[in-house]
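Structure assessment
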2 protein chains.
Amino acid sequence: MRCAVLKELRHALDLETRPDPIPAEGQLVVELHAAALNRRDYWITQGLYPGIQLPVVLGSDGAGTVLAAGSTEDAGWVGQAVVINPGWDWGEDPRVQSDRFRILGMPDDGTLATHVVVPTEYVAPKPPDYSWHEAAALPLAGVTAYRACCTRGRLESADRVLITGIGGGVATMALMWARSAGAAIAVTSSSPQKIEQAQHLGASAGFLYTDASWPEACLEQFGRPTLIVDGAGGPGYNVLIDLLAPGGRLVNYGATAGAPPKLDLFKVFWKQLDLQGSTMGSPDDFAQMLESVRRQGVRPVIDSVFPLERINDAMERLAGKDHFGKIVIDCGS
Amino acid sequence: MRCAVLKELRHALDLETRPDPIPAEGQLVVELHAAALNRRDYWITQGLYPGIQLPVVLGSDGAGTVLAAGSTEDAGWVGQAVVINPGWDWGEDPRVQSDRFRILGMPDDGTLATHVVVPTEYVAPKPPDYSWHEAAALPLAGVTAYRACCTRGRLESADRVLITGIGGGVATMALMWARSAGAAIAVTSSSPQKIEQAQHLGASAGFLYTDASWPEACLEQFGRPTLIVDGAGGPGYNVLIDLLAPGGRLVNYGATAGAPPKLDLFKVFWKQLDLQGSTMGSPDDFAQMLESVRRQGVRPVIDSVFPLERINDAMERLAGKDHFGKIVIDCGS
């Protein structure tokens, strides 16, 4: 097998050839047709992730064909087209992941490879009308956005949804879930191009958050959002609280802009707000997401496709700010 | 009728005799047997409440006998023992109050009187085994605590509930709802006496929040709370976020200690927390609260009883920090 290995922090990934893996009891080997990158892969290369163990094959998202099964009762999977659920050992509580929870691609070797070893419980049939690239683009961003919007945010068709920082994988999938629910959608970005792209995908309004008057523009052109999906936090967090409709929900799947420097708790209780945290998703979230994909034809947005041999060009695009949607890796098989 | 009137901010209430009120179409006149004070009454006397209009008869909580009805179809209420729902014009949305929402006792003349005029929709039969004092102590603190704990906080028997600032009317009612749900209960206070009183009422643990090591003591003696009911906010808010069990809820019905100086949003998303605002309650909350009182025999805690003629002594006790539970006014009829 070929694989992209992180051996040293803040260095390029090394492309290596290793012996093809052999599945143990309860495991499958998947021959990967495509993988996809997540912001997490970048954080790991920068040493900004808890519990880093090197060397590791990075990559959480993958889709491919099952090549071999370690248990005879799993033999039916061989030859099947699958997507991989990258959230492992969630645990028993649907509300929160266990201490054992981890994401494929650190410490377990991940999907930036031609082959990957996966416990049988973490594969699911590929949505039949998806391309391999689409199937690989879905899992981690899809389930994170699904949980944030649907499981946690209780997204409904009557909602007016504001999605901040459009262009990122999760934000873009949130846009797709909001569109499939029939909700009204607005987005924010620092890039006029990304706002235009979001409008092509179904957003009815978009605002440059670099313009300090964007909240007033939002009130005028879109109205108060009933659901905000945010991955930034930071000083802008209280602006979102202010903007939110009474009775609204603000769901955070991250805080890339840091901890908000205060919290306007008076507005929180007087407006009866829900401020919710959400990260990744449970096996139930993953199954419900795939069901929603089947029922509603939701598709991930693909920014670009790189062959595995050009993984470091793909990582460079991930590190920049220009991509809109998922960066997919063609694993060549 | 006799009534206690606020004519000037930061002055004592004046006891006045006025003509007995006559109900208009859709109104009832209730002869009050008892009323009760709320922190809101104090804030109003200090000018720390929005939209103050003087003079006003203060008082949100009351229980009594219906004396007269303004409409023939309401004649069946005459002679009935009732409690008054003080939350008026909530509006159509169960999630949040409308702009018209107001609480009895400003601008509408309230219950610190021998008689009060109330729209028929805001009376309900008095819980039959309640005393008049208990019935008057229930409404505003009861529905605020009910909404915070049950409607918003989704209180269950498996919960470990932490109630901060025990002694206040809402906190003490929250303790009663948590006990009736069969949850484990801990409290915080700055007073060892109040902690002891809470333990007599069913709290299994109590912590002096003036002792900086109280969170460690809570972890040791009680464990991580799954539901926190807080009316303070302020710098202690992030301590509560830290203490909360993964997947837990932190419900605020106020922020008497001010806006928290930061928000640890990383813990919020990683622990999948819900930070929720709640205030007062809807007509549904009020009806469900009374149903819960009937089914589970929950009773409010009464701190002290003053006759209406001694209203300013009662207001002085409200302004202090010593009371535990509700300050009740005996309206003498």
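Residues numbered from 1 in each chain as written. Chains lettered and ligands numbered in written order. Predicted model: local features only at pLDDT ≥ 70, side-chain atom pairs only at ≥ 80, totals over all residues. Heavy atoms only, no water.

**Quick look at the relation of the copies chain A and chain B**
In this structure, two copies of a chain are linked by a rotation about an axis accompanied by a shift along it. Convention followed: Least squares is used to superpose the copies, and the fit set is the C-alpha atoms of residues whose pLDDT is at least 70 in both copies. Every residue pair with non-hydrogen atoms within 4.5 Å of one another is taken to be in contact.
Here chain A sits on chain B after a turn of 180° about the axis and a move of 0.0 Å along it, with an RMSD of 0.0 Å. Classification of the inter-copy transformation places it as that of a two-fold axis. Across chain A, the smallest distance between a C-alpha and the rotation axis is recorded for Lys262(A), namely 1.8 Å. Most of the interface of chain A is mirrored in chain B: 100% of its interface residues are interface residues there too.

**Looking at the sheet that holds strand β11 (residues 160-163) of chain B**
Strand pairing in a sheet is mediated by backbone hydrogen bonds. Such pairs are either parallel or antiparallel. The condition that has to hold: For two strands to be treated as a pair, DSSP must find at least two bridges joining them. Labels follow the DSSP assignment, with helices taken as runs of H or I lasting at least four residues and strands as runs of E lasting at least two, numbered in each case from the N terminus. Axis angles are defined between N-to-C directions and span 0 to 180 degrees, where every axis is a line fitted to C-alpha atoms and, for a helix, only to the segment in contact.
Read from one edge of the open sheet, twelve strands run β13(A)-β12(A)-β11(A)-β14(A)-β15(A)-β16(A)-β16(B)-β15(B)-β14(B)-β11(B)-β12(B)-β13(B), paired in mixed fashion. Two strands lie at the open edges of the sheet, namely β13 (205-208) of chain A together with β13 (205-208) of chain B, each paired on one side alone. Geometrically, the sheet is characterised by an average inter-axis angle of 15° between neighbouring strands, direction not taken into account. Looking at chain direction, strand β14 (residues 227-230) of chain B and strand β15 (residues 249-252) of chain B are connected through four bridges and run parallel. In the sheet register, Val229(B) faces β15(B), and the bridge partner there is Val251(B). Lying on the sheet, helix α3 (residues 139-152) of chain B is in contact with β16 (274-277) of chain A together with β14, β15 and β16 (274-277) of chain B; it crosses β14(B) at an angle near 160°. Sitting on the sheet, helix α4 (residues 169-181) of chain B touches β11, β12 (184-189) and β14 of chain B, and the angle it makes with β11(B) is about 170°.

**Digging into the interface of chain A and chain B**
Short version of the rule: Buried area is a sum: the accessible area each of two parts loses on coming together, probed at 1.4 Å, counted once for each and added. The term salt bridge refers to a pairing of a side-chain nitrogen on Lys or Arg with a carboxyl oxygen on Asp or Glu at a separation within 4 Å. In protein, a polar contact requires one atom able to donate a hydrogen and another able to accept it; more generally it is a pair of N or O atoms within 3.5 Å, and residues adjacent in sequence count only if both atoms are side-chain atoms. In this classification, Asp, Glu, Lys and Arg are treated as charged, Ala, Val, Leu, Ile, Met, Phe, Trp, Tyr, Cys and Pro as nonpolar, and every other residue, Gly included, as polar.
On the side of chain B, 36 residues touch chain A, which itself brings 36 residues to the contact. Across the chain A to chain B interface the summed buried area is about 3,000 Å²; carbon plus sulfur atoms make up 58%. In terms of surface lost to chain B, no three residues of chain A exceed Leu265(A), Phe269(A) and Gln272(A), which account for 23% of the buried area on that side. The tally of links between chain A and chain B comes to two salt bridges. Measuring nitrogen to oxygen at the nearest pair gives 2.6 Å for the salt bridge that ties Arg152(A) to Asp274(B). At the boundary of chain A with chain B, the tally comes to 21 residue pairs in polar contact (both at pLDDT 80 or more). Looking at the side of chain A that touches chain B, the element that brings in the most residues is helix α8 (residues 265-270) of chain A, giving five residues. Residue composition of the side of chain A that touches chain B, grouped by class: 18 nonpolar, eleven polar and seven charged. Relative to β16(B), β16(A) is paired through three bridges, and the arrangement is antiparallel.

**Side note on the domain arrangement of chain A**
All names here are of chain A. This is how the line gets drawn: Per the annotation, domain bounds derive from an automatic or database assignment of domains.
Looking at chain A, the domain boundaries give domain 1 (2-138 + 300-330) and domain 2 (145-277). Residue-level contacts link 14 residues of domain 1 with twelve residues of domain 2. Summed over both sides, the interface between domain 1 and domain 2 buries roughly 930 Å², with carbon and sulfur atoms accounting for 68% of that surface. Where domain 1 meets domain 2, there are five residue pairs in polar contact (both at pLDDT 80 or more). Across the side of domain 1 that touches domain 2, the residue classes break down as eight nonpolar, two polar and four charged.

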